[in-house]
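Secondary and tertiary structure notes
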Amino acid sequence: FSGHLLGSPSEVTLNVNLGGGFEQGELLFYGRTAHPLAHHDWHDGGGVGHGVLHLGAQAHAALPITSGERLNLVIWMRSRARRREAGCPMCGQTDRLL
């Protein structure tokens, strides 16, 4: 794997397959090493409408697709305490958060 490892600015992340018709593009999950602990194959693990719920801090990566187009809905979920502590994950502001 030569891509970028991700960590979401959330406590929990929901990633839902909305379709697009693509090949490959598995979602890998890592522990404290460079070797994946688990992976989710969008084709074997559920098609359109199926999703993966995972800890936001869990290191993960989406492998490149080999053909087609991937369309996913990603929702970052954060508690009120976390929002007040860390602010908006995009701009860092805390004064206008719900």
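A word on the overall build of the protein chain
Of regular secondary structure, the protein chain possesses one helix and eight strands. Each helix and strand of the protein chain, ordered N terminal to C terminal, gives the series β-β-β-β-β-β-β-β-α. Residues classed as buried in the protein chain amount to 26% of the 98 residues present. Across the protein chain, every contact between residues at least 6 apart in sequence was considered, and the portion connecting residues at least 24 apart equals 73%.

Considering the sheet that holds strand β1 (residues 12-19)
Strand order in the open sheet formed by three strands is β5-β1-β8, with antiparallel pairing between adjacent strands. Looking at which strands have only one partner, the edges of the open sheet turn out to be β5 (51-55) and β8 (71-77). Ignoring strand direction, the axes of neighbouring strands in this sheet form an average angle of 15°. Two elements, β1 and β5, share five bridges in a ladder whose sense is antiparallel. Opposite L14, over in β5, you have L53 as the bridge partner.

Focus: the packing of aromatic side chains
Two aromatic rings, taken as a pair, are described by how far apart their centres are and by the angle between their planes. Tallied over the entire structure, the rule returns zero aromatic pairs. If you follow R70 out to its NZ or CZ, it ends over the ring of F22, 5.8 Å from the centre.

Brief notes about the environment of D95
Of note, D95 is situated in the segment after α1 (80-86). Separated by eleven residues in the primary sequence, D95 and R84 place their C-alpha atoms 8.5 Å from one another.

Looking at the side chain of T13
Position of T13 among the secondary structure elements: in strand β1. The exposure class assigned to T13 is buried, which follows from its relative accessible area of 2%. Only 2.8 Å separates the side chain of T13 from the side chain of S10, close enough to count as a polar contact. Apart from residues no more than four positions distant in its own chain, T13 is found in contact with S8, V52, L53, H54, G56, V74, I75, W76 and M77.

Definitions and cut-offs
Residues numbered from 1 in each chain as written. Predicted model: local features only at pLDDT ≥ 70, side-chain atom pairs only at ≥ 80, totals over all residues. Heavy atoms only, no water. Helix = DSSP H or I, 4+ residues; strand = E, 2+ residues; numbered from the N terminus. Buried < 20%, exposed > 50% of the residue type's maximum accessible area, 1.4 Å probe, protein only. Contact = heavy atoms within 4.5 Å. Pairing = 2+ DSSP bridges. Axes fitted to C-alpha atoms, helices over the stretch in contact; angles between N-to-C directions. Phe/Tyr/Trp six-rings, centres within 6.5 Å; stacked < 30°, edge-to-face > 60°. Lys NZ or Arg CZ within 6 Å of the ring centre and 35° of its normal. Polar contact = N/O pair within 3.5 Å; in protein donor to acceptor, adjacent residues only side chain to side chain.

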